[in-house]
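Here are the chains, one letter per residue:
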Amino acid sequence: ALAVAGPQPLDALQRLVQANFGALPPGPAPPASAAYDALPPPFDTQPQAEPPVATVLVPVREQRSVTVTWCLPVEDPDEWWRAKPDSTVVSLLSSRAQGGLTQLLKAKGLASSVDGSIDEFTRSFVVLTAYIGLTPQGLQRWPEVVSALFSYLALLREEGVPPHVYAEER
C-alpha cells in the first residue's frame, strides 16, 4: 500500500506517484528469498566469552542518548512471525506504563524516553535496537542506564511477559 499526502492538487499527486512508483508490480511484496538465508548476520549472534563492546561517540552537536543493538538469530521464521517476539520486546521497551523501564529511568532523572525498534528482519536474524534519550544526569551516568536496561530484560526473562502484553501483540 502507498499513501501520499501533499499540498499539490490530486491530479498532480497522481502524476508524481505514477512517475515514481508506476514500474512497481501491484500487490504485496514477495516473501523473503531463501537465497538470503545463508547470509551471515551483521554481527555475531553467539554468546561471547568476553563482555560486549561499548562504543562511546562524541557528537558534533549536543545529543544525549544511548543506543543498544542486538542481532537475534531466527531459527524458525514461520514460528517467529506467528509469535512476534520482536514486536513484544519493542512494545515493552517503549511502554510508559507503571513498572516499566521508562518510568523507572524518568523517576531517577536519567532518561526522557525509551524506545525500541526492529532495524532489520530477515529469515535468519533480526536486528533489535533500544534507544534511550538521556537527561544531562543520565548522560553522566549512562552505564547505570544501560545496566537498568539489561536488568529489565533479565526480569522479563525470569518472570515472563505479562499475559496482557502478549495478548495485545497477537
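Everything quoted here is computed from the prediction, not taken from an experiment.

Notes on the nonpolar core
No. 1: Judged by nonpolar contacts, the single largest core of 22 residues is most densely connected at Leu 101, Leu 105, Ile 132, Val 145 and Leu 149.
No. 2: Listed by contribution, the elements that provide at least two residues to this core are strand S1 (65–73), helix H3 (85–94), helix H4 (101–107), strand S2 (111–121), strand S3 (125–134) and helix H6 (142–159).
No. 3: Not counting the four nearest positions on each side in its chain, Leu 105 is found in contact with Leu 110, Ala 111, Val 114, Ile 132, Val 145 and Ala 148.

Let's talk about the pattern of salt bridges
No. 1: In the structure shown here, the tally under the stated rule is 5 salt bridges.
No. 2: Between Arg 64 and Glu 62 there is a salt bridge, with the nearest N and O atoms lying 2.7 Å from each other.
No. 3: Residue Glu 62 is classed as exposed on the basis of its relative accessible area, which comes to 63%.
No. 4: In this structure, Glu 144 engages Lys 108 in a salt bridge whose closest nitrogen and oxygen atoms are separated by 3.8 Å. A residue pair is termed long-range when its members are at least 10 positions apart, and Glu 144 in helix H6 and Lys 108 in the loop between H4 and S2 qualify at 36 residues.
No. 5: For Lys 108, a relative accessible area of 41% corresponds to the partly exposed category.
No. 6: Via salt bridges that share partners, Lys 108, Arg 141 and Glu 144 belong to a single interconnected network.

Cut-offs used in this document
- Residues numbered from 1 in each chain as written.
- Predicted model: local features only at pLDDT ≥ 70, side-chain atom pairs only at ≥ 80, totals over all residues.
- Heavy atoms only, no water.
- Core = buried A, V, L, I, M, F, W, Y, C linked by side-chain atoms within 4.5 Å.
- Buried < 20%, exposed > 50% of the residue type's maximum accessible area, 1.4 Å probe, protein only.
- Helix = DSSP H or I, 4+ residues; strand = E, 2+ residues; numbered from the N terminus.
- Contact = heavy atoms within 4.5 Å.
- Salt bridge = Lys/Arg side-chain N within 4 Å of Asp/Glu carboxyl O.

Scope: geometric values only; no functional claims are made or implied.
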